[in-house]
Each structure stands twice: as C-alpha cells, then as structure tokens.
Amino acid sequence: GQQLNQSPQSMFIQEGEDVSMNCTSSSIFNTWLWYKQDPGEGPVLLIALYKAGELTSNGRLTAQFGITRKDSFLNISASIPSDVGIYFCAGQSNFGNEKLTFGTGTRLTIIP
Amino acid sequence: NAGVTQTPKFQVLKTGQSMTLQCAQDMNHEYMSWYRQDPGMGLRLIHYSVGAGITDQGEVPNGYNVSRSTTEDFPLRLLSAAPSQTSVYFCASRTSLAGTEQFFGPGTRLTVL
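Per-chain numbering applies: the sequence of each chain, read as written, is numbered from 1 onward. Labels are handed out in written order, letters beginning with A for the chains and numbers beginning with 1 for the ligands. Owing to the predicted nature of the model, reporting of local features is limited to residues with pLDDT of at least 70; listing and counting of side-chain atom pairs is limited to 80 or more, with chain, interface and lining totals taken over all residues. Side-chain numbers come from the whole structure's heavy atoms, not from hydrogens or water.

S.K.: Quick rundown of the overall build of chain B? Include the residues and the values.
M.R.: By the criteria applied, helices consist of DSSP H or I runs no shorter than four residues and strands consist of E runs no shorter than two, each listed in order from the N terminus. Across its full length, chain B carries zero helices and eleven strands. Each helix and strand of chain B, placed in order from N terminus to C terminus, yields the pattern β-β-β-β-β-β-β-β-β-β-β. The globule rule used for comparison is 2.2 Å times the number of residues to the exponent 0.38, while the radius of gyration itself is calculated over C-alpha atoms. Radius of gyration (C-alpha) of chain B: 13 Å, near the 13 Å computed for a compact globule of 113 residues. Oriented by its inertia axes, the alpha-carbon framework of chain B measures out at about 35 × 30 × 25 Å. Using a 1.4 Å probe on the protein chains alone, a residue whose accessible area is under 20% of its type maximum counts as buried, one over 50% counts as exposed, and one in between counts as partly exposed. Relative to its full complement of 113 residues, chain B shows a buried share of 47%. Pairs of residues are marked as contacts when any of their non-hydrogen atoms sit within 4.5 Å. Sequence-distant contacts, at least 24 apart, represent 54% of the contacts inside chain B between residues at least 6 apart. Taken as a whole, chain B presents about 5100 Å² of accessible surface, with 52% of it coming from carbon and sulfur. The convention is simple: Lys and Arg are positive, Asp and Glu are negative, and His and the chain ends are not counted. For this purpose, a charge sits on NZ of Lys, CZ of Arg, CG of Asp or CD of Glu. Averaging the positions of the 8 positive and the 8 negative side-chain charges in chain B gives two centres separated by 12 Å. To measure how exposed things are, a 1.4 Å probe is used in the Shrake-Rupley method; for residues, cover is taken only from the protein chains shown.

Right under this line is the structure:
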C-alpha cells in the first residue's frame, strides 16, 4: 500500500526559530493535509492543500503541495511554546480510494 | 456541537477480555472511521463506514469488529483482547468518503495485560 515518509522524526528548537518538515510519498496524492496533535488529544487539521504547487498559509504556518504531487512541506515561522506537539501529514487520493494515509509524525519540542 | 466524542478515556483489560469502545458524532457525517496510534507507526486505519449499515476493513482490521446502526454512532469491539492491541484508539468522522476535513475524537488509551 501507499506509504508516507515524514521527516524529521523529531526536532528540538528554541523559541523564535523557524521550523521546516516534509512528507514524501511513493505515489501521487490529490490532496495533502497537515494535522497537529497535542498531548492527550486527537489530531486537529491545520492546513489542507488541493492543487499541485499550491502554497497555503494559516497564521504562522505555511504548507506547500509539491509539484510532483508526491511531497508536501510545512513551515512554522517564529515558533512559540504552544507549537509543541506532533505534526502529521496525510495524503488522500481520488482514484476510487479516498482513505487517508498518514505519515509517522514529527515531534516538535521547544527548548527553554 | 460536541464534535466527535469517545468513551472511555482510559481502559485496562486482561488478555482474553472483551470490550467496546464507543464513538459518537453530532455533525451528521456519513463517514466514520477508527484508527490506532502506536509509537513510530503514525495512524493506521482499522475499520471505516461510509454510512449507516455499511462498514469495511481498513489496514489493520484483525481482532476488531464494528457496526454502524445509526449515523451518529460507530462502536469498535474487541472480542478477545491481546497485548498487541495495547494502543491509543481514535475515532474520526468527515462529511463523506470524498470529504477531506476529518475531525478526530480525543482518543481512548487501551492497555491489555
């Protein structure tokens, strides 16, 4: 089946730094999604991307749908303590199978 | 709206016991699903339903049963719990199979001894 490789697995940064993470797929997706999971909670949708090359922002978060449709990137600018959590990418194809495939997550820790 | 609710929040079982994890949504979503989350594995789909009376298997269905008698509820049953089923379980819903914005419940942390 489809697999999503998400990197890095974990990040340790200082408050105020910018963050970048990415997901790559072995096959094409028509939709890319980015979720954030706080400790003890379920994932919450941050950004949805529907078109190759699309760049979408949500506050300090910016995500891009790769041109090849096999990758996506998430950037967080000027990180703050509440950015701590696990970030997941997810891909969805529309070739008769609309199930979401999730990446393994990037754990973001902010060093005081 | 309460969104997606799950009960219980935590559960400890002994090997061989059975139990049902409850999930409900009040958004009139057609599509509901169950995932398990294990360290380093991301979220893996167990079962899903595209509407009342319709269910199908996901990526890791073995050891789990589901039913969908109403639009609102989608319980997950473990008939004979095994230690390999120790995990965090998330229920999710979205408007339809083709929908993209998926809402997750708060999760159930299950430990099987």
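S.K.: Before we move on, can you summarise the sheet that holds strand β7 (residues 64–66) of chain B with the specific residues and values?
M.R.: Residues and elements named next belong to chain B. For two strands to pair, DSSP has to find at least two bridges joining them. Judged by pairing direction, the sheet is antiparallel, and its four strands sit side by side in the order β1-β3-β8-β7 without closing on themselves. Edge positions in the sheet fall to β1 (4–7) and β7, since each has one partner strand and no second. Direction aside, neighbouring strands of the sheet carry axes that sit 20° apart on average. For β1 and strand β3 (residues 19–25), the ladder comprises four bridges, and the chain directions are antiparallel. Note that in β3 the partner of Gln 6 across the bridge is Cys 23. Fitted lines through C-alpha atoms give the axes, limited to the stretch in contact for helices. The angle between two N-to-C directions lies from 0 to 180 degrees.

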